[in-house]
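# Residue-level structural notes
If you want the building blocks of each chain, they are given just below.
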Amino acid sequence: MVHVPRRDGPPSVHHVAARAGVSLATVSNVLNHPERVADATAARVHDAIAELGYTPNRNARALVSGSTRAIGLVVASLRNSLFTDVVSGAHTTARERGNTLLVASSENDLEAQGEHLAFLESTRVSGILLASMTESREQVDAAKQHGLPVVYVNYEPTEVDACSVVVDNEQAGYVAAQHLITQGCRRIGFVSARPDLQPVGRRRAGLLRAVAAHPGVELIDIDAGDIDPPGGTDAGVRIARMPEHERPDGVLGVTDLLAMAVVSELRAAGIRVPEDIPVSGCDHNSVAWGGAVPLTSVTMHGSEMGAAAVELLLEELTDPMHVHRTVVLGSELVPRESTLGRAGAAAARVTPPSDPRRTEA
């Protein structure tokens, strides 16, 4: 006869073992190493878990094993759909691989990011995905010194030895600028800020490459002061006030939120978009897709980045021969009315984008 322990609180692993008629070790294997247990035995344990309403004590398991089957993800801002896409892709892949994803947003605050990393470490996550706009070297080094692997997302580290997954931001700047040039633009205003942020610098490098390939095309740098909408509002006002012969005849915002704000200010000043000034964004933020003039932008493949980052992290955790590397995803233009006009957007012949170009270095 199986001895059933007293039940003075929530069901425990002891109750599950008694109900299923197996040892505690067998229940542990079902929960942590199911490949070690026969299907019929595992089914009895799962039936007992369901009947009792048992929930594993993840904190206790973490104390025994040293970590949980959880992955931490800290993103720069959930207000940008790029990072919500990263979360979605990471969540789906983590769940498929039997892991839980814990998410925090730093809202572009380095101090807040450090606090999130420290909290996630205290919960004994297995590793960290860091979708930051900066190297964050000290914070990442601290995590790695405590045995916590870190994979960068949307940022390629230059000083930290770690894996990363990025979209080709230089290509993003190039294809957006090339598109404006094919629309007849010869004075391209680049509305940007924070050149210290890696995606900003790389998108500008792509823009410069496109301009250099077309004699007679010039770049006009317009400092927005900030990469959020208020910066775009200020930049749009300044562009509208320029004498027409000095004004850009095409605008590329380093973020969609900047570009969207520029469109609003130009239209408020009576300047037509795209007839007078075509405007493009560069990071495919869904917040900017609607409105009176849907915004042309460039794909960022956030979901694919999140999924690839989880795979890299799990490989690092399980493969003793793992070598750090960078996965690079391609960028494709998504033309909309802000550069083509409503009739043009419907009739435009655009080569459909292929699957994201993926390379590893």
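Residues numbered from 1 in each chain as written. Predicted model: local features only at pLDDT ≥ 70, side-chain atom pairs only at ≥ 80, totals over all residues. Heavy atoms only, no water.

Within the protein one finds 13 helices and 13 strands. Of the contacts formed within the protein by residues at least 6 apart in sequence, a portion of 69% connects residues at least 24 apart. Taken as a whole, the protein presents about 17200 Å² of accessible surface, with 51% of it coming from carbon and sulfur. (Helix = DSSP H or I, 4+ residues; strand = E, 2+ residues; numbered from the N terminus. Contact = heavy atoms within 4.5 Å. Areas by Shrake-Rupley, 256 points an atom, 1.4 Å probe, with all protein chains shown as cover.)

One can find Ile 277 in the loop between α11 (256-268) and β9 (279-280). Overall, Ile 277 belongs to the buried group, its relative accessible area being 1%. Residue contacts for Ile 277: discarding those within four places in its chain leaves Ile 239, Arg 247, Pro 248, Asp 249, Gly 250, Val 251, Leu 266, Ile 271 and Arg 272. (Buried < 20%, exposed > 50% of the residue type's maximum accessible area, 1.4 Å probe, protein only.)

Attention now goes to the environment of Ala 50. Of note, Ala 50 is situated in helix α3 (residues 39-52). The spacing of Ala 50 and Val 16 is 34 residues in sequence and 9.4 Å in space, taken between C-alpha atoms.

The next thing to look at is the sheet that holds strand β6 (residues 187-192). Strands sit in the order β7-β6-β8-β9 across an open sheet of 4 strands; the sheet is parallel. Looking along the sheet, the strands with just one partner apiece sit at the ends: β7 (218-223) and β9. By the bridge criterion, 4 bridges tie β6 to strand β8 (residues 250-253) in an arrangement that is parallel. Its bridge partner lying in β8, Ile 188 is registered against Gly 250. Of the strands in this sheet, β6, β8 and β9 are in contact with helix α8 (residues 169-182), which crosses β8 at around 165 degrees. In this fold helix α9 (residues 198-212) packs onto β6, β7 and β8, with an angle of close to 155 degrees to the strand it touches most, β7. (Pairing = 2+ DSSP bridges. Axes fitted to C-alpha atoms, helices over the stretch in contact; angles between N-to-C directions.)

Turning our attention to the packing of aromatic side chains. Working definition: an aromatic ring pair is given by the centre-to-centre distance plus the angle between the planes. With the rule as written, the count across this model stands at 1 aromatic pair. Over the ring of Tyr 174 we find Arg 209; its NZ or CZ atom is 4.2 Å from the centre of that ring. (Phe/Tyr/Trp six-rings, centres within 6.5 Å; stacked < 30°, edge-to-face > 60°. Lys NZ or Arg CZ within 6 Å of the ring centre and 35° of its normal.)

Summed over all chains, the structure comprises 13 salt bridges. Shared partners join several salt bridges into a network, and the residues in it are Arg 79, Glu 107 and Asp 228. (Salt bridge = Lys/Arg side-chain N within 4 Å of Asp/Glu carboxyl O.)

On to the packing of helix α5 (residues 81-96) against helix α12 (residues 302-318), then. Packing of α5 against α12 leaves a shortest axis separation of 6 Å and a crossing angle of 40 degrees. What the angle tells us is that α5 and α12 run oblique. In terms of crossing hand, the pair formed by α5 and α12 is right-handed. Facing α5, whose interface residues are Leu 82, Asp 85, Val 86, Gly 89, Ala 90, Thr 93 and Ala 94, α12 presents Gly 302, Ser 303, Met 305, Gly 306, Ala 307, Val 310 and Glu 311. When the residues that make up the contact of α5 with α12 are grouped by side-chain class, the tally is 7 nonpolar, 5 polar and 2 charged. (Parallel < 35°, antiparallel > 145°, perpendicular 65-115°, else oblique. Left-handed = near helix turned anticlockwise from the far one by under 90°. Nonpolar A, V, L, I, M, F, W, Y, C, P; charged D, E, K, R; others polar.)

In terms of nonpolar packing, the biggest core is built from 71 residues, with Leu 129, Val 191, Leu 266 and Val 279 touching the most fellow members. Apart from the residues lying within four places of it in its own chain, the contact partners of Val 279 are Val 251, Ala 259, Val 263, Leu 266, Val 273, Leu 295, Thr 296, Ser 338 and Thr 339. Of all hydrophobic cores here, the second largest spans 15 residues; its members include Ala 70, Leu 117, Val 125 and Tyr 155. (Core = buried A, V, L, I, M, F, W, Y, C linked by side-chain atoms within 4.5 Å.)

Further remarks concern unusual backbone geometry. A cis amide bond, omega 15 degrees, links Val 273 with the succeeding residue Pro 274. Checked against the element boundaries, Pro 274 lands in the loop between α11 and β9. Although it is not a glycine, Glu 107 adopts a positive phi angle of roughly 50 degrees.

With 13 residues, α11 should reach 18 Å at 1.5 Å per residue; the first-to-last C-alpha distance of 18 Å fits that figure. Turning to α11, its buried residues are Asp 256, Leu 257, Leu 258, Ala 259, Ala 261, Val 262, Val 263 and Leu 266. If you follow the buried residues of α11, they end up packed against β6, α10 (229-241), β8, β9 and β10 (297-298). Within two residues after α11, Gly 270 carries a phi angle of roughly 85 degrees, on the positive side. (Expected span 1.5 Å × (residues − 1).)

Looking at the protein, the pLDDT average stands at 87 and 88% of residues meet or exceed 70. The model gives residues 58-66 a pLDDT under 50, and that stretch makes 11 contacts with residues more than four places away or in other chains. Contacts of residues 342-357 to residues separated by more than four positions or lying in other chains number 20 contacts, the stretch itself having pLDDT below 50. (pLDDT = per-residue confidence, 0-100.)

The two faces of the sheet receive side chains in turn, since in a regular strand these alternate between them. Taking every second residue as pointing to the same face, both faces of strand β4 (residues 150-153) are buried, with Val 150 and Tyr 152 on one and Val 151 and Val 153 on the other. In the sheet, strand β3 (residues 127-131) pairs with β4 via 3 bridges, with the strands oriented parallel. Within β4, the residue paired with Ile 128 across the bridge is Val 150. For the handedness criterion, the β-α-β arrangement of β3, helix α7 (residues 137-145) and β4 is classed as right-handed. (Right-handed = clockwise from strand over helix to strand, strands pointing away.)

With that settled, consider the pairing of strand β1 (residues 70-75). Counted residue by residue, β1 has 6 buried out of 6 residues, so it is predominantly covered. Residue alternation in β1 divides its side chains into two sets, Ala 70, Gly 72 and Val 74 and Ile 71, Leu 73 and Val 75, and both sets are buried. Across 6 bridges, the pairing between β1 and strand β2 (residues 100-105) is parallel. Directly across from Val 75, in β2, lies its bridge partner Ser 105. Both β1 and β3 contribute to a ladder of 5 bridges, which runs parallel. Paired with Ile 71 across the bridge in β3 is Gly 127.

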